[in-house]
Amino acid sequence: MSPKLLEIERRAVRLPVKDREVLAERLIRSLGRAPLTQVEEAWVAEAERRFSAWRRGEREGIPVERAFKRIRKDLGW
């Protein structure tokens, strides 16, 4: 990484979380990816809804090991 990029990163990680989210989204979009499909947008909205509920204490998380075990079982692995 160039010194200039390291300095930008150092400053960016000090931004408030919401500002970092906006910056990350803008940087990703600047890569020229195709816009999200309606299905992808729906999944993003659902993930954000669940994360917000978790942060508010309305939902509990589960250990990643249990989540992957459940996924493998559902997939028949």
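Rules behind the numbers
- The written sequence of each chain sets the order in which its residues are numbered from 1.
- Per-residue local features of the predicted model are confined to residues with pLDDT of at least 70, and side-chain atom pairs are confined, for both listing and counting, to 80 or more; whole-chain, interface and lining totals are unaffected and use all residues.
- Here the side-chain values reflect all heavy atoms present in the structure, with hydrogen atoms and water set aside.
- A pairing counts as a salt bridge when a side-chain nitrogen of Lys or Arg comes within 4 Å of a carboxyl oxygen of Asp or Glu.
- A run of H or I in DSSP counts as a helix once it spans at least four residues, and a run of E counts as a strand once it spans at least two, with each numbered from the N terminus.
- The rule is short: rings of Phe, Tyr and Trp, with Trp giving its six-membered ring, pair when the centres are within 6.5 Å, and they are stacked under 30 degrees, edge-to-face over 60, tilted in between.

Visitor: Which parts of the structure should I look at to understand the pattern of salt bridges?
Guide: Side-chain pairs of opposite charge can arise whenever the charged atoms involved come near each other. Applying the stated criterion across every chain yields a total of seven salt bridges. For Glu46, the salt bridge identified is with Arg50, shortest N-O distance 2.7 Å. Taken together, the positions of Glu46 and Arg50, both in helix α3 (residues 38–55) and four residues apart, correspond to about one turn of that helix. Residues joined in a network through salt bridges with shared partners are Glu7, Arg10 and Arg11.

Visitor: Teacher, can you tell me more about the packing of aromatic side chains here?
Guide: How two aromatic rings sit relative to each other is set out by the distance from centre to centre and by the angle between their planes. This structure, assessed with the given rule, holds one aromatic pair. On the basis of an interplanar angle of 25 degrees and a centroid distance of 5.7 Å, the ring pair of Phe51 and Trp54 is categorised as stacked. In this pair, Phe51 and Trp54 are both assigned in helix α3, three residues apart and thus about one turn of the helix distant.

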